[in-house]
Amino acid sequence: MNASEVVYKPVRQLAGLVRERKVSPTELTELFLERLDRIGPRYNALVTLMPDRAMEEAKRAEQEIASGTYRGPLHGIPYGLKDLFAAVGAPTSWGATPFKDQVFEHDSTVARKLNEAGAVLLGKLALVEIAGGIRYKQPNATFTGPGINPWGGTTWAGGSSSGSGSAVSAGLAPFAIGSETWGSIIMPSSNCGIAGLRPTYGRVSRAGGMPLSWTLDKPGPMCLTADDCGLVVEAIAGPDPNDLAATDRPFSYSRAPSDRRFKLGIPVGATDDVEPTVKENFEAALSALGSIADFEEVELPDYPYGAVITAIFMGESATIYSEFTRSGRSSELTAPEDRYGIYARSATLATDYLRAMRIRKLIARDVDAIMSRYDALVGPGRPGVATPLDLDRVKSFKERSSDVMGALGNCIGLPSVTVPSGFSEDDLPTSIQFMGRPYDENVILSVAAAYQSMTTWHERHPPDPEPIS
């Protein structure tokens, strides 16, 4: 096996090699364990390597495939798991020093379903402490250190699924699991130049994962391609008695016919507050999509999307972490602002929370009426490229950026997929995202995959870092 020939192959292609027995699950696992162990710490992407479990799962997959039992395209494929989700054989730290040695004696539902699909767990990947739920203002908000973007050693991988983004981008794992409450899949995927899918709220069970906001949390895949995201989400989707929000609507990944023409809505002002290179690459992406899609400008309803989702997020997280807040253990957190910021949200008024929940219903009704006319809404994945590992710059960028699609989509649980759309002059990735109606993952993945079939941005990968002398 030539490592350079398989490190950046999409899951679908790796699956073909495994099924045809041109490469074995143990060979793949040994390769990615070595890369994750050697390179992962360079990007602060790794929390815990799990070689014993990985090799046990790889050997089982190899034996099953050799005996004629093939579970599907993830069988024998290694992956990384955001350390938000429990997995037997390693602590589950939630990215936070107070929980660094926390151990669960069960797998999260996501890890269990991937195990059932034959995937091989390499290890636990880094995240911002408490998944960024205490409103950190800097990349260095985790005991593993700031998430470093493989495309720029001085830029941020993005929160909170930083380790998942870096690992897939740097070829340390063929795919990874992240989670999103408000931007935590889309942002690092965009920053690191990979594909990331935020599924519909309830499409994937959250059982065994750290709760941050009961009505906003959404686990999802981070991969090299949109097509890979489809393969992974099919394996992890479905009902779960341990998560009453998990939908029992069946999901089977399928692509739209190649001759289908899509109708895409572009929100008015989608590029008003984005960096010039993002706007330029977005317009070039629309030009490419013109061969398969028609466009219309869309005027979104005038609602305070950001204020609504903030009130919901603050109220729910304050309730979830009330005991932690009272314990005083927040003093052990890494980011100084996290040590006291958790107290502020406990002052969220019940009236504000209830008013936000009522407005959310109106948003869902009015936005769905508009989106019913389109296959998807399209916009930049993020307003800018990855920001430097610098407090002031990151803080100012957060404050000035306007991410209406992110606030709207997360507020009412809409699925969205982001894929690379080009690069800046500094070789930092930009992205385009496609957001659909509830449970329309197949539609948005079809558009994104069609776009990737016409472009080669996803085929560019960062160089391996220089060895430490």
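Residues numbered from 1 in each chain as written. Predicted model: local features only at pLDDT ≥ 70, side-chain atom pairs only at ≥ 80, totals over all residues. Heavy atoms only, no water.

Draft legend 1. Focus on the sheet that holds strand 8 (residues 218-223). With mixed pairing, the 11 strands of this open sheet are ordered in space as 1-3-2-6-8-7-12-13-11-9-10. This sheet does not close on itself; its edge strands, each paired only once, are strand 1 (46-49) and strand 10 (293-298). The average undirected angle you get between the axes of adjacent strands in this sheet is 30 degrees. Of the strand pairs in this sheet, strand 7 (residues 195-198) and strand 8 are connected by two bridges, and their pairing is antiparallel. The residue of strand 8 that forms the bridge with Gly196 is Met222. Those strands touched by helix 4 (residues 51-66) are strand 1 and strand 3 (120-125), and its axis lies near 160 degrees from that of strand 3. (Pairing = 2+ DSSP bridges. Helix = DSSP H or I, 4+ residues; strand = E, 2+ residues; numbered from the N terminus. Axes fitted to C-alpha atoms, helices over the stretch in contact; angles between N-to-C directions. Contact = heavy atoms within 4.5 Å.)

Draft legend 2. Representation of the environment of Lys137 in the model. Following the sequence through the fold, Lys137 ends up in the loop between strand 3 and strand 4 (148-149). Its relative accessible area of 37% is what places Lys137 among the partly exposed residues. Taking C-alpha positions, Lys137 is 9.5 Å from Pro336, a pair spaced 199 residues apart along the chain. (Buried < 20%, exposed > 50% of the residue type's maximum accessible area, 1.4 Å probe, protein only.)

Draft legend 3. Broad picture of the packing of aromatic side chains. Overall, the coordinates contain eight aromatic pairs when judged by the stated rule. Judged by centre distance (6.2 Å) and plane angle (80 degrees), the ring pair of Tyr136 and Trp156 falls under edge-to-face. Placement of Tyr136 in the loop between strand 3 and strand 4 and of Trp156 in strand 5 (residues 152-156) is noted, with a sequence separation of 20 residues between them. In this structure, Tyr136 and Trp156 share a single accessibility class: buried. Ring geometry for Phe423 versus Trp457: centroids 6.1 Å apart, planes at 55 degrees, classification tilted. Here the residue Phe423 occupies a position in strand 12 (residues 416-423), and Trp457 occupies one in the segment after helix 16 (441-454), the gap between them amounting to 34 residues. What links up through ring pairs into an aromatic cluster is the set Trp94, Phe99, Tyr321 and Phe324. Positioned above the aromatic ring of Phe99, the side-chain terminus of Arg329 is 5.6 Å from the ring centre. Note that Arg460 overlies the ring of Phe423, its terminal NZ or CZ placed 3.9 Å from the centroid. (Phe/Tyr/Trp six-rings, centres within 6.5 Å; stacked < 30°, edge-to-face > 60°. Lys NZ or Arg CZ within 6 Å of the ring centre and 35° of its normal.)

Draft legend 4. Local environment of the state of the cysteines. Across all of its chains, the model carries zero disulfides by this definition. Take Cys223: it sits in no disulfide, and the sulfur closest to it among the cysteines is that of Cys229, at 3.8 Å. Exposure remark for Cys229: the relative accessible area of 0% places this residue in the buried category. (Disulfide = S-S within 2.5 Å.)

Everything listed here is a matter of geometry and, on its own, says nothing about what the molecule does.
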